[in-house]
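Close look at the chain arrangement
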Amino acid sequence: MKIAVLPGDGIGTEIVAEAVKVLSVLDLPFEMESALVGGAAFEAHGHPLPESTLNLAKAADAILFGAVGDWKYDTLDRPLRPEQAILGLRKNLGLFANFRPAICYEQLVGASSLKPEIISGLDILIIRELTGDIYFGQPRGRRVATDGHFPGAEEAFDTMRYSRPEIERIAHVAFQAARKRSKKVTSVDKANVLETFQFWKDVVTEVHAEYPDVELEHMYVDTAAMQLVRAPKKFDVVVTGNMFGDILSDEASMLTGSIGMLPSASLNAKNQGLYEPSHGSAPDIAGQGIANPLATILSAAMMLRFSLNQPQAADRIESAVQDVLASGLRTVDIWSEGTTKVGTREMGDAVVVAITKTITKG
Ligand code: IPM
Ligand code: MG
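What counts as what
Residues numbered from 1 in each chain as written. Chains lettered and ligands numbered in written order. Predicted model: local features only at pLDDT ≥ 70, side-chain atom pairs only at ≥ 80, totals over all residues. Heavy atoms only, no water. Buried < 20%, exposed > 50% of the residue type's maximum accessible area, 1.4 Å probe, protein only. Helix = DSSP H or I, 4+ residues; strand = E, 2+ residues; numbered from the N terminus. Pairing = 2+ DSSP bridges. Axes fitted to C-alpha atoms, helices over the stretch in contact; angles between N-to-C directions. Contact = heavy atoms within 4.5 Å. Domains from an automatic or database assignment. Buried area = accessible area lost by both parts, 1.4 Å probe. Salt bridge = Lys/Arg side-chain N within 4 Å of Asp/Glu carboxyl O. Polar contact = N/O pair within 3.5 Å; in protein donor to acceptor, adjacent residues only side chain to side chain. Nonpolar A, V, L, I, M, F, W, Y, C, P; charged D, E, K, R; others polar.

Attention now moves to the pairing of strand 4 (residues 97-103). With six of seven residues buried, strand 4 is to be regarded as a mostly interior element. Bridge analysis of strand 4 against strand 5 (residues 123-129) gives seven bridges, and the strand direction is antiparallel. The residue of strand 5 that forms the bridge with R100 is I126. Summarising the sheet, strand 4 and strand 11 (residues 263-267) pair through three bridges and their orientation is antiparallel. In the strand pairing of strand 11, N98 is matched with S266.

This part covers the sheet that holds strand 4. Where strands meet in a sheet, backbone hydrogen bonds hold them as pairs that are either parallel or antiparallel. Taken together, 10 strands build an open sheet; the order of strands is 2-1-3-12-11-4-5-10-8-9 and the sheet is mixed. Strands at the two margins of the open sheet, each flanked by one partner only, are strand 2 (31-34) and strand 9 (215-220). The mean inter-strand angle of the sheet, taken between neighbouring strand axes irrespective of direction, is 20°. Pairing geometry for strand 8 (residues 184-189) and strand 10 (residues 237-240), over four bridges, is parallel. Looking at the pairing, V185 lines up with V237 of strand 10. The strands touched by helix 1 (residues 12-24) are strand 1 (2-8), strand 2, strand 3 (62-67) and strand 12 (273-277); relative to strand 3, the strand with the most contacts, the crossing angle is about 145°. Relative to strand 8, helix 7 (residues 195-208) is tilted by about 160°, and along the sheet it contacts strand 5, strand 8, strand 9 and strand 10.

Our focus in this paragraph is the domain arrangement of the chain. For interface size, the figure often reported is the accessible area lost on association. What the domain assignment lists for the chain is domain 1 (1-96 + 280-362) and domain 2 (102-129 + 162-267). For domain 1 and domain 2, the distance between their C-alpha centroids amounts to 24 Å. On the domain 2 side, the residues contacting the 18 residues of domain 1 number 19 residues. Taken together, the two surfaces of domain 1 and domain 2 that pack against each other cover about 1,700 Å², and 64% of this comes from carbon and sulfur. The interface formed by domain 1 and domain 2 contains zero salt bridges. The tally of links between domain 1 and domain 2 comes to six residue pairs in polar contact (both at pLDDT 80 or more). When residues of the side of domain 1 that touches domain 2 are traced back to their parent elements, those giving at least two are helix 10 (294-306) and helix 11 (311-326). Per element, the largest residue contribution to the side of domain 1 that touches domain 2 is six residues, and it comes from helix 10. Class assignment of the residues belonging to the side of domain 1 that touches domain 2 gives a composition of 10 nonpolar, five polar and three charged.

Structurally, the position occupied by S112 is in the loop between strand 4 and helix 5 (116-119). Among the polar contacts made by the side chain of S112, one reaches the main-chain amide nitrogen of L114 at a distance of 3.0 Å. Non-local contacts of S112, meaning those with residues more than four positions away in its chain, are made with I119, M254, L255 and G257.

Right under this line is the structure:
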């Protein structure tokens, strides 16, 4: 089993180190190889996704990814910015299905800004289409307007588009995921305004005919944003496009107390996957040893389950994380009165100890 380890920038290196530590105690036959990505790769090789890094990723069964980006690169030409590395990996590997679970751990109910009764027991799964939509649609660019409200003025434009096969395959992913959960899918669109999302809605409805055992509901994205904070437990599987999924998954993360807890998986048709925390590189706290490594550690668990076919090892990591939370250890983002504040490394060490205990228990 080959794992490409791409820590990236900011807190990426700190949190990925903890996940690697956790993977290493499992005593499984992994081959892990690291490479630079994002700003770090730009500094060293002049490109955020060097050929060598892309090749390593392509040859791996799974990619463990940290985070990329720093404000200091904001003035670079777009193709050289760190974010292009993650977009390039998604595109080159065809990682079209992005799983972003939002689970509220009972011990962290108090860390959310929402009332406990709204979020206690929350367990939803956002499935975001990841290689289409306005993120990748051509044409895009800047030009002088020849029509519109201000002909002759400078303007910028992007293209929102989805093809039938792109919608069909993500709809299948969502319905199949729902079959393993509570058999309900909410498809989020903006069919009342956008042609692209009327088509989305139509195609999802057609695919649904193959899944009569799964309930399908359609919701406009603005309503979904509202319902996510009003009554999030009414959702189970949410499927949506790239752009709406980007926004709604950040919103959903805050239901759980901290974005520092949320793992994610991005899969292609061959089940090759990229696993990364849902949060970013947080340059403001980088190097301080205070970042929460749990989202990355939980991403490693998703990697074991989805791409490496090691569900028991995945369970072991997930229950170790539960044990550590139950023991009261908290990084600063999830800390509350009466719990013990720890740093990135101590948190990783505690997960390792919890895993070792379950291994000795058999
Ligand atoms: C995410 C991030 C990325 C996105 C950025 C870093 C390109 O926000 O994974 O949600 O917009 O998809
Ligand atoms: Mg995002």
